[in-house]
Amino acid sequence: MSEGDNMVVGMRVIKTAIAMAIGVLVSSTFHLQYPFFTVIAVIIAMQNTLDDSFKKGLGRISGTTLGGIAGIIYLNFCISEYIVWNAVIIGILAVLIMYVQLKLKWNQSIQISLIVFLSICLTTRDESVSYYAIVRVLDTVIGIGIAFAVNYLISPPNYEKQFVDDAEQLFMEEKRVFLQKLSNDRAIDIESLEQRLSKIKRLYKIYLADSRWYTKHLFNEESNSILWDEVIRDLNEVYRHICIMQELQLYGKPDEENIKRLQRMGQSDLSDLYQESLHKESTKKQKESINKTDVQRHEYYNTCEECLEEETKVIYNYHIHKILDGLERLEKQLELIGGIKNEEV
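Here's a quick rundown of the structure. Fair warning: this is a prediction, and the values are worked out from it, not measured in the lab.

### Looking at the overall build of the chain
Move 1: Each helix and strand in the chain was counted, giving 12 helices and zero strands.
Move 2: Beginning at the N terminus, the succession of helices and strands in the chain can be written as α-α-α-α-α-α-α-α-α-α-α-α.
Move 3: Of the roughly 20,600 Å² that the chain leaves accessible, carbon and sulfur atoms contribute 58%.

### Re the environment of Tyr204
Move 1: With respect to the secondary-structure elements, Tyr204 resides in helix α8 (residues 190-210).
Move 2: Residue Tyr204 is classed as buried on the basis of its relative accessible area of 7%.
Move 3: Counting along the chain gives 40 residues from Tyr204 to Val164, while the straight-line C-alpha distance between them is 9.6 Å.

### Some remarks on the side chain of Arg261
Move 1: In this fold, Arg261 is placed in helix α10 (residues 256-264).
Move 2: Arg261 sits in the buried class, given a relative accessible area of 6%.
Move 3: Polar side-chain contacts of Arg261 include one of 2.6 Å to the side chain of Asp325.

### Topic: the nonpolar core
Move 1: Residues Phe163, Phe178, Trp228, Leu235 and Ile242 are the most contacted members of the largest nonpolar core, which totals 39 residues.
Move 2: For this core, the elements supplying multiple residues, two or more each, are α7 (159-182), α8, α9 (222-247) and α12 (295-344).
Move 3: Among residues more than four places away in sequence, those in contact with Ile242 are Glu174, Val177, Phe178, Ile188, Ile190, Leu193 and Ile323.

### What about the packing of aromatic side chains?
Move 1: Evaluation of the coordinates by the stated rule reveals five aromatic pairs.
Move 2: Relative to Phe37, the ring of Tyr34 lies with its centre 5.8 Å away and its plane at 50 degrees, an arrangement referred to as tilted.
Move 3: Relative to Tyr132, the ring of Tyr34 has its centre 5.2 Å away and its plane inclined at 85 degrees; by these criteria the two rings are edge-to-face. Here the residue Tyr34 occupies a position in the loop between α1 (11-29) and α2 (35-45), and Tyr132 occupies one in helix α6 (residues 129-153), the gap between them amounting to 98 residues. Tyr132 carries the same exposure label as Tyr34, and that label is buried.
Move 4: Positioned above the aromatic ring of Phe37, the side-chain terminus of Arg136 is 3.5 Å from the ring centre.

### Some remarks on the packing of α7 against α8
Move 1: Put simply, α7 and α8 touch, their axes get as near as 10 Å, and they point 155 degrees apart. Judged by the angle between their axes, α7 and α8 are roughly antiparallel. For the element pair α7 and α8, the recorded crossing hand is left-handed. Counting all contacts with α7, which are made through Tyr159, Glu160, Gln162, Phe163, Asp166, Ala167, Gln169, Leu170, Glu173, Glu174 and Val177, the residues of α8 involved are Ser192, Leu193, Arg196, Leu197, Lys199, Ile200, Leu203, Tyr204, Ile206, Tyr207 and Asp210.

About the thresholds
Residues numbered from 1 in each chain as written. Predicted model: local features only at pLDDT ≥ 70, side-chain atom pairs only at ≥ 80, totals over all residues. Heavy atoms only, no water. Helix = DSSP H or I, 4+ residues; strand = E, 2+ residues; numbered from the N terminus. Areas by Shrake-Rupley, 256 points an atom, 1.4 Å probe, with all protein chains shown as cover. Buried < 20%, exposed > 50% of the residue type's maximum accessible area, 1.4 Å probe, protein only. Polar contact = N/O pair within 3.5 Å; in protein donor to acceptor, adjacent residues only side chain to side chain. Core = buried A, V, L, I, M, F, W, Y, C linked by side-chain atoms within 4.5 Å. Contact = heavy atoms within 4.5 Å. Phe/Tyr/Trp six-rings, centres within 6.5 Å; stacked < 30°, edge-to-face > 60°. Lys NZ or Arg CZ within 6 Å of the ring centre and 35° of its normal. Axes fitted to C-alpha atoms, helices over the stretch in contact; angles between N-to-C directions. Parallel < 35°, antiparallel > 145°, perpendicular 65-115°, else oblique. Left-handed = near helix turned anticlockwise from the far one by under 90°.

Right under this line is the structure:
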């Protein structure tokens, strides 16, 4: 089978088709004069998230309205029998339209404003210009309303569940990589953690934006929103300390306090992960390489080595401590979120 044979039609495709059919049906039932614009608005407003649908729809309405107003001004006050004059005025009004859009930060609706404006200026109609502009805006509003309603009522995007699942998976992955690091394994996958964390941060912004359209939603209550902020913060903190340990090539043995905390996590054998034999072998070779006549230098090197080893041990255990703090908080937070989800159900 070819790669294309495995493609699955997603819900956005299905909902777009349903909304288009409803748009055509509404246009025919109520004898809308420009059903084409209604269905076009449906297509544009059907987005992956409800918030994106709202923003696209709002941009479409604002762009259509501004273009319609500019077109009315041109045909009622600026048009003349001189072609050059008309062309210059159209250009000036186009600049003004774009300037207003940029000032209001309606960048995405610039194109539709210019299209509506030119359709009014360059197309001859029997009806009045004002009537055409108003009808065009109303048809657009109807199409956007249909798209938003379909997106909201038919299998609305459930990014919340995906976000919760991804956060739990990243927590387990960070824990696994951390334990792998403690075993002095140098081949840990930092890049995978970074990609997962970036994805969760991106999804979190979408979830927060979409949450305002639902009455029952984990993010509606301020306390729950704060809880998820803490989850994101702690996932990021654990990742940051793992990266520092990897970048500085910190290896060693956890101190007594960290070993106890690891044992409480169910990792009772971690105290044996430290490869002391490699350390002793390295020290032995270092001592053998020193000439017997350089006893004083040997003692000096030993002292420096001990100081450096002690400092490294402190830094190593500091990052372990911070990672364990983050993992313990995350475990409690995710358990609490699991309770919230059960209450919602």
